[in-house]
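# Residue-level structural notes
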Amino acid sequence: MAEVNNDIRQFHATKRNEIRYITIEINHPDITTRRFVRDQVTAKTFTIDGGQMTFEPLNFEVPRPSQREQEQSSITVKLGRLGSEFLAEIKKITAFGWMQQGELIYREIYPTGEVKEFEFSISDVRISTQSVNIIASDDNPINYRVSKVYTIGQFPGLETV
């Protein structure tokens, strides 16, 4: 009888296995938007913001973003062996294109239709022979390298330049 009680206690103490799809979306002006879903064999289509989006299956590692206040959130996405097609897509980014900000969107999609979404700015892309690592944070590092924009209203002498 004690063994049955232990089994019941363990059953109720165990967390329920909740189905959720982990997805990432990579956006940049120079390349085609790419959407990936983790731990799937076939492409999945989800309804997000009233529109249908299809995500390609890909084996990748990504931690769940931190949601603490007063803390800069950043994640590193480790994309496993990507096809040469996607690597060629990344290589399409020109020298000036690297100055434009890329965006990474992390989503958790639940069967109930609930979507948790986190948007990040891509700060670094590291390509090796084995994988591609994308480092993204919730602030835009491109803004740190930009000086103040001067206008003719503030500095009338700029009209002659």
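Not measured: the values here are computed from a predicted model. (Residues numbered from 1 in each chain as written. Predicted model: local features only at pLDDT ≥ 70, side-chain atom pairs only at ≥ 80, totals over all residues. Heavy atoms only, no water.)

### Some remarks on the pattern of salt bridges
What counts is decided by this rule: Counted as salt bridges are all cases of a side-chain nitrogen of Lys or Arg within 4 Å of a carboxyl oxygen of Asp or Glu. Elements are defined by DSSP. Helices are runs of H or I of four residues or more, strands are runs of E of two residues or more, and each kind is numbered from the N terminus. Residue exposure (1.4 Å probe, protein chains only): buried if accessible area is under 20% of the type maximum, exposed if over 50%, otherwise partly exposed.
Counting across every chain of the model gives eight salt bridges. As a salt-bridge pair, Arg-20 and Glu-108 come within 3.7 Å of each other at their nearest N and O atoms. You can see Arg-20 sitting in the loop between helix 1 (2-13) and strand 1 (21-27) and its partner Glu-108 sitting in strand 7 (residues 102-109), a full 88 residues away along the chain. Its relative accessible area of 38% is what places Arg-20 among the partly exposed residues. For Glu-108, a relative accessible area of 0% corresponds to the buried category. Salt-bridge contacts for Arg-38 lead to Asp-39; the nearest nitrogen and oxygen are separated by 3.4 Å. In this structure, a network of salt bridges that share partners links the residues Glu-25, Arg-35, Arg-107 and Glu-117.

### Description of the pairing of strand 8 (residues 115-127)
We count it as follows: The pairing criterion is simple: DSSP has to find at least two bridges between the two strands.
With eight bridges connecting them, strand 7 and strand 8 associate as antiparallel partners. Bridging from a neighbouring strand, Gly-102 pairs with Ile-122 of strand 8. Inspection of the sheet shows strand 8 paired to strand 9 (residues 132-137) by six bridges, in the antiparallel sense. Counterpart to Ser-121 in the pairing with strand 9 is Ser-137. Adjacent in sequence and paired antiparallel, strand 8 and strand 9 are bridged by four residues.

### Some points on unusual backbone geometry
Phi is positive for Asp-39, close to 60 degrees, though the residue is something other than glycine. With respect to the secondary-structure elements, Asp-39 resides in the loop between strand 2 (34-37) and strand 3 (44-48). Judged by its relative accessible area of 56%, Asp-39 is exposed. At Asp-49, a residue that is not glycine, the phi angle is positive and equals roughly 55 degrees. Checked against the element boundaries, Asp-49 lands in the loop between strand 3 and strand 4 (51-57).

### Focus on the pairing of strand 1
The side chains of a regular strand alternate between the sheet's two faces. In terms of burial, strand 1 is a largely internal element, seven of the seven residues being buried. Neither face of strand 1 is open: one carries Tyr-21, Thr-23, Glu-25 and Asn-27, the other Ile-22, Ile-24 and Ile-26, and all of them are buried. Pairing of strand 1 with strand 7, which is carried by seven bridges, proceeds in the antiparallel orientation. Note on strand 7: the bridge partner recorded for Ile-26 is Leu-104. Bridge analysis of strand 1 against strand 2 gives four bridges, and the strand direction is antiparallel. Looking at strand 2, one finds that Glu-25 is bridged to Arg-35. The loop that links strand 1 with its antiparallel partner strand 2 comprises six residues.

### Some details on the packing of aromatic side chains
Put simply, the rule reads: Pairing of aromatic rings covers Phe, Tyr and the six-membered ring of Trp, with a centre-to-centre limit of 6.5 Å; geometry is then stacked below 30 degrees between planes, edge-to-face above 60, and tilted otherwise.
As enumerated under the stated definition, the model contains three aromatic pairs in all. An angle of 55 degrees between the planes, with centres 5.8 Å apart, marks the rings of Tyr-106 and Phe-118 as tilted. Of this pair, Tyr-106 sits in strand 7 while Phe-118 is found in strand 8, placing the two residues 12 residues apart along the sequence. Across this residue pair, the class does not change: Tyr-106 and Phe-118 are buried. Ring-pair connections join several aromatic residues into one group, and the members of that group are Tyr-21, Phe-46 and Phe-55.

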